[in-house]
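The chain contents come next:
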Amino acid sequence: MSDWRTDQLPEATFRGVPFGWLDVGGQYGRRLAIHEYPLSEQWDVEDLGRAMRRHSVDCQLIGDNYMDQLKALIAAVEQPGPGLLIHPTLGPMTVHAERVSTRERHTERGTATLPINFIEVDPAQLPAVSIDTARALIDAADAAAGPVISVGEDITTTGPEFQRSALATQVGQFVDALAVDVNDIAQAINTAPGFGTLQESVGLAVDVATAVQDLVDAPRRIAAMTVGVLLNRVATLEGLAQWFDYAVDYYAARFMTPTNLRIAANQEALQLMVRSSAVMAGARIVAGTDYASSDDAIADRDALLTAIERVQAVADDDLFAAMQTLRVALVDDIEARAASLARLATYTPSRTEPATVIAYRLYGDADRDAEIVARNRITHPAFVPGGVALEVRSV
C-alpha cells in the first residue's frame, strides 16, 4: 500500500548527493528594527525588508555504505559557492551550506546523522542566463551550406557540348553581374563556410572565362563560389536584394528535348543556389548589424523572411529544413534585440532650422544631429526644411 506521506515527496539531494532525512525546519519573515524610547511607553518598528531564508535539515544516512554516503555529503558541503538543494518538502532551490557537525551512535551502527543549515541565495545574485542569438543565427546560416552543396550536385555537366556551353553562360552571367576576377573567385571558394573538402583553388586560371569553365567541370564548386562571393563582396542587405530573387537571363528552348530539359534544370539549380547563398549572406549581415531602432531591425527581418520563403517554395527537403532552422534563428535574434531598441517616430519642424537645434529639442543632446541628418538624407545640416516630416528615434 502506498504511503501518501512519502510518495509525493522528491528525493532529497545536495549537489546531486542523495540523503535521507528525519526533520526539516525553516526560518522566514521580515528583518525588523525595533526602536524603544527611554521613559516612554511607545516604540517604532522599522521594516528593513525580507529576511534571508534559512532551511534546517536533519540528514540521516543508513546502510552498509553509509560511510561512503557520509564522505560524499561532507565533500558536497565543503565545496565553495552555492549549490542546488532538492529540499525534501519544498523542492529545488539554490543555497549555501553552513558548517555542519556529524553524529554517530555506538548503539546505532550503520547510521549517521548530519544536521545541516542552508541559507537560500538571494535571487538577484543568481547568474543571469542569456543566449547569444546573433551567434546562433550565424551558425544556422553556415549550417545551410551543406544543403546548398546538394543543390550543386543536381547540376548535370555530361551531355552535348552546347549543354556545357549553356551552363558556362549561366555561371558567367552571375560572375559578370558581380564584376569579380579570377582571384575573387578563388578566394570565394577558399573562404566559403562549411564547404570542407571543397577548398580547391582556381587561382591558376588565366582569366575569368577559364575559371568559369573550371567551375563547370566541378559543379559542387559553383555552390562554394556563389556563397563565398556574396559573403565577400556584398556588405549590406540592400546590396543583396537583387540576389534574393535572382533569375538567369538565358534563352528558353522552344522544344523540351532531354538536353534542353537538363539545361533548364541546371538553370533552376543555379538560381536556387544564388538565392540560398544570398539568404545565408543576409543572415550573417543581420547578425552583425548594430541596429539603431527596432523598426530598422524588424524591416530587415521581414525582408529576409520573404527571401527565405521564396527559397523554401522550390527547395528540396534538406534545404527546406535548413531554411526553416535559419528562419527560427532569425526571428529569435531580432525579437531578442529589438525589445531593447527605440522605436521610430515622425517629427515635423515648423520652420527651417539647424539639425543641432532639432536634436537638442528632441533628445536634450545636440550631438545627435548627425543621426537625424543621416537618417533623413538632409542636404545641409544647418538647413533642415520646415514643414517636412522627419523620421527620428523615439526618446
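The notes below deal with the structure included here.

Brief notes about the environment of Leu237
Piece 1. Among the structural elements, Leu237 can be located in helix 9 (residues 237-244).
Piece 2. A relative accessible area of 6% places Leu237 in the buried class.
Piece 3. Along the sequence, Leu237 and Val279 sit 42 residues apart, while their C-alpha atoms lie 9.5 Å from each other.
Piece 4. Not counting residues within four places of it along the chain, the set of residues in contact with Leu237 comprises Phe244, Gly282, Ile285, Val286 and Asp300.

So, the pairing of strand 11 (residues 390-393)
Piece 1. Here strand 11 shows a buried face lined by Leu390 and Val392 and an unburied face lined by Glu391 and Arg393.
Piece 2. Relative to strand 11, strand 10 (residues 344-347) is paired through four bridges, and the arrangement is antiparallel. Bridge pairing links Ala345 to Val392 in strand 11.

Topic: the pairing of strand 4 (residues 30-36)
Piece 1. In this structure, strand 4 lies alongside strand 5 (residues 43-50), joined through six bridges in antiparallel fashion. Counterpart to His35 in the pairing with strand 5 is Asp44.
Piece 2. Taken together, strand 4 and the strand that follows it, strand 5, pair antiparallel across an intervening segment of six residues, in which Leu39 is found at a positive phi of about 60 degrees.

Concerning helix 12 (residues 317-338)
Piece 1. With 22 residues, helix 12 should cover 32 Å at 1.5 Å per step; its first-to-last C-alpha distance of 31 Å lies within 8% of that length.
Piece 2. Taken together, the buried positions of helix 12 are occupied by Leu319, Ala322, Met323, Leu326, Ala329, Leu330, Asp333, Ile334 and Ala338. With its buried residues spanning 140 degrees around the axis, helix 12 presents them on a single face. In this structure, helix 12 carries Asp317 and Glu335 as exposed residues pointing more than 90 degrees from its buried face.
Piece 3. The elements touched by buried residues of helix 12 are helix 3 (133-143), helix 4 (145-153), helix 10 (258-288) and helix 11 (294-314).

Focus on the pattern of salt bridges
Piece 1. Taken as a whole and judged by the stated rule, the model has 14 salt bridges.
Piece 2. Two residues, Glu309 and Arg327, come together in a salt bridge whose shortest N-O distance is 3.4 Å. Here Glu309 is found in helix 11, whereas its partner Arg327 is found in helix 12, with 18 residues between them in sequence.
Piece 3. The exposure class assigned to Glu309 is partly exposed, which follows from its relative accessible area of 43%.

A few points about the sheet that holds strand 9 (residues 111-120)
Piece 1. Spatially, seven strands are ordered 2-1-7-8-9-6-3 in an open sheet, and the strand pairing comes out antiparallel. One side of each edge strand has no neighbouring strand; the edge strands of this open sheet are strand 2 (17-18) and strand 3 (20-27).
Piece 2. As paired elements, strand 1 (residues 13-14) and strand 7 (residues 83-87) share two bridges and run antiparallel to each other. Each bridged residue has a counterpart across the sheet, and for Thr13 the counterpart in strand 7 is Ile86.

Looking at the environment of Arg368
Piece 1. Within the secondary structure, Arg368 is located in the loop between helix 13 (355-363) and helix 14 (369-376).
Piece 2. Measuring from C-alpha to C-alpha, the distance between Arg368 and Ala355 comes to 8.5 Å, with 13 residues separating the pair along the chain.
Piece 3. If sequence neighbours within four positions are ignored, Arg368 has contacts with Ala359, Tyr363 and Arg393.
Piece 4. Among the polar contacts listed, one links the side chain of Arg368 to the side chain of Glu371, at a separation of 3.2 Å.

Structural notes on the nonpolar core
Piece 1. Counting 62 residues, the largest nonpolar core has Val171, Leu230, Leu240, Trp243, Val279 and Leu326 as its most contacted members.
Piece 2. The biggest single contributor to this core is helix 10, with 13 residues.
Piece 3. With residues near it in sequence (within four places) discarded, Val171 still touches Val212, Leu215, Ile222, Met225 and Leu270.
Piece 4. Counting residues in each nonpolar core, the second largest holds 19 residues, with Val17, Tyr66, Leu73 and Ala112 among its members.

About the cut-offs
- Residues numbered from 1 in each chain as written.
- Predicted model: local features only at pLDDT ≥ 70, side-chain atom pairs only at ≥ 80, totals over all residues.
- Heavy atoms only, no water.
- Helix = DSSP H or I, 4+ residues; strand = E, 2+ residues; numbered from the N terminus.
- Buried < 20%, exposed > 50% of the residue type's maximum accessible area, 1.4 Å probe, protein only.
- Contact = heavy atoms within 4.5 Å.
- Pairing = 2+ DSSP bridges.
- Expected span 1.5 Å × (residues − 1).
- Arc of directions from axis to C-beta.
- Salt bridge = Lys/Arg side-chain N within 4 Å of Asp/Glu carboxyl O.
- Polar contact = N/O pair within 3.5 Å; in protein donor to acceptor, adjacent residues only side chain to side chain.
- Core = buried A, V, L, I, M, F, W, Y, C linked by side-chain atoms within 4.5 Å.

So, to be careful, I would describe these as geometric facts and stop short of saying anything about function.
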